[in-house]
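# Structural overview for review
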Amino acid sequence: MNRLEVERSALRVWLLSLLGVPFILLGLDLLTEQRFINAFGALVYGAEQIPAFEPRDKIFAIVSVLAGLVLVIWGLRDLVLPRKLVVADGAGLRIALAGPLRRAVSIPWDEVGDIRAEMADEGGEMLPVLVVEFSDPDRLPTDPWAARWVGPTTLMIESAGWSLSAESVAATLNKIRESIPAESEAMPWE
């Protein structure tokens, strides 16, 4: 039986994880000896006295370390145990639309209409999207995560951060859906 699993792009997840490292280093430097901060201050202020750090700077440092840790841990967790954003098999289509920490929404194939890949203009930037039409949109969230409704039954899902391109996902989804009747007819009835 055909099966499709789409995850976040490993490169994007790795870059997200790396983004947390400067936050951690900056916060730890501010909380400890302030070597990097003082060196940067000497470049900016020259021979002048560097302004003293205030208690709110310590709060910023703690928030910076915590934010960096969250980015690193989330990124590494997603690299080790990637979340399935789109899963398709003989039973139907499951799409992560409810949010980052919620279960995927399951839709049987008989409620899935047209599936296609397009390019959408999002604030002047052209992004790849997967467009899926549904016969019963009440099963799906009214405010979907990483997607939006472009019609009463048409959902446009942003796919720029996926491990597979929107074109290959659309083609594979259509192949899986087309193979369902052929597989059920080939199975002996009991």
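Everything in this summary refers to the structure shown in the same document. Counting of residues starts from 1 at the beginning of each chain's written sequence and follows it residue by residue. Under the rules for a predicted model, residues below a pLDDT of 70 receive no local features and side-chain atom pairs below 80 are neither given nor counted, while totals for whole chains, interfaces and linings still include all residues. Just so you know, side-chain values use all the structure's heavy atoms and leave hydrogens and water out.

Going along the chain from the N terminus, every DSSP run of H or I of four or more residues is numbered as a helix, and every run of E of two or more is numbered as a strand. Of regular secondary structure, the protein chain possesses four helices and eight strands. Scanning the protein chain from its N terminus toward the C terminus, one meets helices and strands in the order β-α-α-α-β-β-β-β-β-β-β-α. For the radius of gyration, the atoms used are the C-alpha atoms, and the globule rule reads 2.2 Å times the number of residues raised to 0.38. Computed over the C-alpha atoms, the radius of gyration of the protein chain is 24 Å, more than 25% above the 16 Å expected from 2.2 N^0.38 for a compact globule of 190 residues. Projected onto the principal axes, the alpha-carbon positions of the protein chain cover approximately 85 × 35 × 25 Å. Neither His nor the chain termini are counted; the positive set is Lys and Arg, and the negative set is Asp and Glu. The atoms used to mark charge sites are NZ of Lys, CZ of Arg, CG of Asp and CD of Glu. Treating the 17 positive side-chain charges of the protein chain as one cloud and the 26 negative ones as another, the clouds have centres 6 Å apart.

Pairing in this open sheet of four strands is antiparallel, and the strands run S1-S2-S3-S4 from one edge to the other. On the outer flanks of this sheet lie strand S1 (4-7) and strand S4 (105-107), each paired with one strand and no other. For this sheet, the mean inter-axis angle between neighbouring strands, taken without regard to orientation, is 10°. Judged from the three bridges that link them, strand S3 (residues 92-95) and S4 form a sheet pairing that is antiparallel. Looking at S4, one finds that Leu93 is bridged to Ile107. Here, strands pair whenever DSSP counts at least two bridges between them. Every axis corresponds to a line fitted to the C-alpha atoms, with the helix fit spanning only the stretch in contact, and the corresponding angles, defined between N-to-C directions, vary from 0 to 180 degrees.

Turning our attention to unusual backbone geometry. The phi dihedral of Ala146 is positive, around 60°, even though this residue is not glycine. Along the chain, Ala146 falls in the loop between strand S6 (125-134) and strand S7 (147-149).

The subject of this paragraph is the sheet that holds strand S8 (residues 154-158). Within a sheet, each strand pairs with its neighbour through backbone hydrogen bonds, oriented either parallel or antiparallel. Judged by pairing direction, the sheet is antiparallel, and its four strands sit side by side in the order S5-S6-S8-S7 without closing on themselves. Looking at the sheet topology across the chains shown, the edges are occupied by strand S5 (112-122) and S7. Strand-to-strand twist across the sheet, computed as the mean angle between neighbouring axes with direction ignored, equals 25°. Taken together, the nine bridges between S5 and S6 define a ladder with antiparallel strand orientation.

Turning our eyes to something else, we now look at a nonpolar patch on the surface. Distance thresholds for patches are 9 Å for like charges and 5 Å for nonpolar side chains (Val, Leu, Ile, Met, Phe, Trp, Tyr), applied to residues having over 30% relative accessible area and no salt bridge. Exposure was quantified through the Shrake-Rupley algorithm and a 1.4 Å probe, taking into account, for residues, occlusion by the shown protein chains and nothing else. The term salt bridge refers to a side-chain nitrogen of Lys or Arg lying within 4 Å of a carboxyl oxygen of Asp or Glu. A cluster of nonpolar side chains, Leu11, Trp14, Leu15, Leu18, Val21, Leu25, Leu76, Leu79, Val80 and Leu81, forms an exposed patch at the surface whose accessible area comes to about 930 Å². Secondary structure elements with two or more residues in the nonpolar patch: helix H1 (10-31) and helix H3 (55-80). Following the sequence through the fold, Trp14 ends up in helix H1. Under the scheme applied here, a residue whose accessible area is under 20% of the maximum for its type counts as buried, over 50% as exposed, and between as partly exposed, the area being computed with a 1.4 Å probe on protein chains only. What makes Trp14 partly exposed here is its relative accessible area of 41%.

Read these as layout, nothing more, since geometry by itself doesn't imply function.
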